[in-house]
Amino acid sequence: MKVISLLLIVFFTVSVSAETIEVAAGAYERFNTPITVRLNKPLPAHTGYQVVNTATGITAPAQLLDSNTLVFILPEKILPGNKARYRLKPVAVDPSKYPVKVEQEPAGLMVLVKGQPLLFYHTKEASPPADSPAYYSRSGFIHPLFSPNGKILTDDFPAGHTHQHGIFHAWVNTSFKKSFVDFWNQHIKTGNVEHLEVLRVVEGPVLAEVQLLLRYTSFQHGEILREKWTLRFYPYNRHYLFDCYLEQVNTTPDTLYLNKYHYGGMALRGSRQWNPADSLHYKTNWHVLTSEGARDADANHTHARWVDAYGIIDGAVAGVTVYDHPSNFRYPQPVRVHPSMPYWVYAPMVDGAFTINPGGTYRAQYRYFVHDGTTDKRTLEAIAADWTEPAVATMQ
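This one's a predicted model, so the numbers in the text were calculated from it and none came from an experiment.

Asks: How should I be thinking about the pattern of salt bridges in this particular structure?
Replies: In a structure, side chains of opposite charge can pair up when their charged atoms sit close to one another. This structure, assessed with the given rule, holds 17 salt bridges. Residue Arg 30 pairs with Asp 386 through a salt bridge whose shortest N-O separation is 2.8 Å. One end of the pair, Arg 30, is in the loop between β1 (20-24) and β2 (34-38); the other, Asp 386, is in helix α2 (residues 377-388), and 356 residues separate them in sequence. For Arg 30, a relative accessible area of 1% gives the class buried. With its nearest N and O atoms 3.7 Å apart, the salt bridge here joins Glu 223 to Arg 215. When its relative accessible area of 23% is taken as the criterion, Glu 223 is described as partly exposed. A single salt-bridge network, built from bridges that share partners, covers Glu 194, Arg 215, Glu 223 and Arg 226.

Asks: Please explain the pairing of strand β21 (residues 306-313) as it appears in this structure.
Replies: Looking along a regular strand, one sees side chains alternate from face to face of the sheet. Burial within β21 is extensive, with 7 of its 8 residues counted as buried. Summarising the sheet, strand β20 (residues 287-290) and β21 pair through 4 bridges and their orientation is antiparallel. Residue pairing in the sheet places Leu 289 in a bridge with Asp 308 of β21. Sheet topology places β21 next to strand β22 (residues 316-323); 8 bridges connect them, and they run antiparallel. Paired with Tyr 310 across the two strands is Gly 319, which belongs to β22. What sits between β21 and β22 in their antiparallel hairpin is a turn of 2 residues, with Asp 314 showing a positive phi close to 50°.

Asks: Would you mind going over the pairing of β1 with me for this structure?
Replies: Burial analysis of β1 places 4 of its 5 residues in the buried class, the great majority of the element. Strand direction decides the pairing type here: β1 and strand β6 (residues 83-91), joined by 5 bridges, are antiparallel. The partner of Glu 22 across the bridge, within β6, is Arg 85. With 4 bridges joining them, β1 and strand β27 (residues 392-395) adopt antiparallel strand pairing. When the sheet's bridge partners are listed, Ala 24 is paired in β27 with Val 392.

Asks: Looking at this structure, how should I read the sheet that holds β1?
Replies: Within a beta sheet, neighbouring strands are joined by backbone hydrogen bonds and run either parallel or antiparallel to one another. The antiparallel open sheet is built from 7 strands, whose spatial order is β2-β5-β4-β3-β6-β1-β27. At either margin of the open sheet sits one strand with a lone partner, and together these are β2 and β27. Direction aside, neighbouring strands of the sheet carry axes that sit 30° apart on average.

Asks: Help me out: how do you make sense of the confidence of the model for the protein chain in this one?
Replies: Here the protein chain averages 95 in pLDDT, while 95% of its residues score no lower than 70. This stretch, residues 1-14, has a pLDDT under 50; its non-local contacts, to residues over four places away or in other chains, come to 5 contacts.

Asks: Sorry if this is basic, but what is going on with the packing of aromatic side chains here?
Replies: We describe a pair of aromatic rings using the distance from one ring centre to the other and the angle between the two ring planes. Scanning the model with the defined rule gives 18 aromatic pairs in all. Where Phe 183 meets Tyr 216, the ring centres are 5.2 Å apart and the plane angle is 65°; that geometry is what we call edge-to-face. One end of the pair, Phe 183, is in the loop between β13 (179-181) and β14 (191-203); the other, Tyr 216, is in strand β15 (residues 208-218), and 33 residues separate them in sequence. Tyr 216 matches Phe 183 in its accessibility class, with the two residues each being buried. Linked through ring pairs, Phe 168, Trp 184, Tyr 261, Tyr 263 and Tyr 343 together constitute an aromatic cluster.

Asks: I tried to follow α2 on my own but got confused; where do I start?
Replies: Since there are 3.6 residues in each turn of an α-helix, residues three or four apart along the chain are aligned in direction. Between the first and last C-alpha of α2 there are 16 Å, a value that for 12 residues agrees with the 16 Å anticipated at 1.5 Å per step. All of the buried residues in α2 are Leu 380, Ile 383, Ala 384, Ala 385, Asp 386 and Trp 387. Capping of α2 at its N-terminal end is provided by Asp 376; its side-chain oxygen lies 3.1 Å from the backbone amide nitrogen of Arg 378.

Asks: When you look at the side chain of Thr 162 in this model, what are you seeing that I'm missing?
Replies: Looking at the secondary structure, you find Thr 162 in the loop between β10 (142-145) and β11 (167-170). Every residue in contact with Thr 162, bar those within four places of it in the chain, is listed here: Ser 132, Tyr 136 and Phe 157.

Asks: Could you clarify how one ought to interpret unusual backbone geometry in this entry?
Replies: Excluding glycine, residues mostly carry a negative phi; peptide bonds, for their part, are mostly trans. Residue Pro 144 follows His 143 across a cis peptide bond; omega there is 0°. With respect to the helices and strands, the residue Pro 144 is situated in strand β10. In the segment running from Tyr 331 into Pro 332, the intervening peptide bond is cis, with an omega of -15°. By the element assignment, Pro 332 lies in the loop between β22 and β23 (335-337). With a phi close to 50°, Phe 157 is a non-glycine residue in the positive phi region. Here Phe 157 lies in the loop between β10 and β11. The class of Phe 157 is buried, set by a relative accessible area of 11%. One non-glycine residue, Asp 314, lies in the positive phi region at around 50°. Mapped onto the secondary structure, Asp 314 falls in the loop between β21 and β22.

Asks: Help me understand the sheet that holds β21, please; the structure alone is not making it clear to me.
Replies: One open sheet holds the 8 strands; their spatial order is β14-β15-β16-β17-β26-β22-β21-β20, and the pairing between them is antiparallel. Each edge of the open sheet carries a strand with a single partner, namely β14 and β20. The average angle at which neighbouring strand axes cross in this sheet is 20°, direction not considered. As paired strands, β15 and strand β16 (residues 222-233) are joined by 11 bridges and run antiparallel to one another. From the neighbouring strand, Leu 212 faces β16, where its bridge partner is Trp 229. Contacts from α2 reach β17 (240-250), β21, β22 and β26 (361-372) within the one sheet, and its direction differs from that of β26 by about 145°.

Criteria and cut-off values
- Residues numbered from 1 in each chain as written.
- Predicted model: local features only at pLDDT ≥ 70, side-chain atom pairs only at ≥ 80, totals over all residues.
- Heavy atoms only, no water.
- Salt bridge = Lys/Arg side-chain N within 4 Å of Asp/Glu carboxyl O.
- Helix = DSSP H or I, 4+ residues; strand = E, 2+ residues; numbered from the N terminus.
- Buried < 20%, exposed > 50% of the residue type's maximum accessible area, 1.4 Å probe, protein only.
- Pairing = 2+ DSSP bridges.
- Axes fitted to C-alpha atoms, helices over the stretch in contact; angles between N-to-C directions.
- pLDDT = per-residue confidence, 0-100.
- Contact = heavy atoms within 4.5 Å.
- Phe/Tyr/Trp six-rings, centres within 6.5 Å; stacked < 30°, edge-to-face > 60°.
- Expected span 1.5 Å × (residues − 1).
- Polar contact = N/O pair within 3.5 Å; in protein donor to acceptor, adjacent residues only side chain to side chain.

Quick look at the structure:
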């Protein structure tokens, strides 16, 4: 039996080592970026992997997202128009050294990158301040979002807009069975969004992935949408990088109409130190810059491939850039930027009404780049290229 086992191990090692991954940079310089490749055949999930550059010998850890999909961080620079080839190799892995950890706490999930906090997702219903009505209670959102230096970039139950929560998604002006439903403004008392279940938590040598299930409920008609978030957290700690894949399914036999309106969708509520309505904590206004060069309130209802929101928190600049994706409905989506409060949102209904039909699915995906200090447009565009026109990786 020992001889047979040894032969199987040797055969498996030789077979995997024969697999070569070619990464083509395309039109952009690539460096230190996530690379995803679809495998020719399934690989065992219980084995660790590594990629080795066939020319330089440089290595990087690799991780299976599923039995047919591999991800790794590009370990070296590839110039525009060039290619690099990597051999796939099985290796031993030590889970205690995984760079991204997801800690399950009573109130939710805390994500840490190399020991530093990145964000907290609320699985349990969070209660509003004592002077606010109980109907503002909410689960299924991210707060706080931290910068690498520990600045808290988001706010929760903010003064003046108690219904907003860090990073959250909700529709505002909708019609269902000829009745009005607002899932965003809880004080309207027509609908709400809540967390239902943690579907999956995976940690690995390259990234961590979390899948979450949420529900959109009409107080008159019950559940209308089931929403799944898939969050992928990468191992960078000089800046943070994570992706959010959103999928909504209409679980009813009736159409949900999303009416033309000036806001609603994937939102970011900024620091309380940027909120003029918060007399206790306000310090200074935030700033917004879009990919098209629009700034602050002038960005409202413009279209943007990315939006960078930043400002001074505890005496130092920090910010977060959110990237739209070409696969998203009405890309590049219009954005709502509030004229005085620190929140903005990708809002596709600004361009007109649309529907989510019975059994139909609405999908969207966004990348988040979290930084300390100001950042230049060249850096922001390089990240955009990796997200919207990624390097092409193929098995040879």
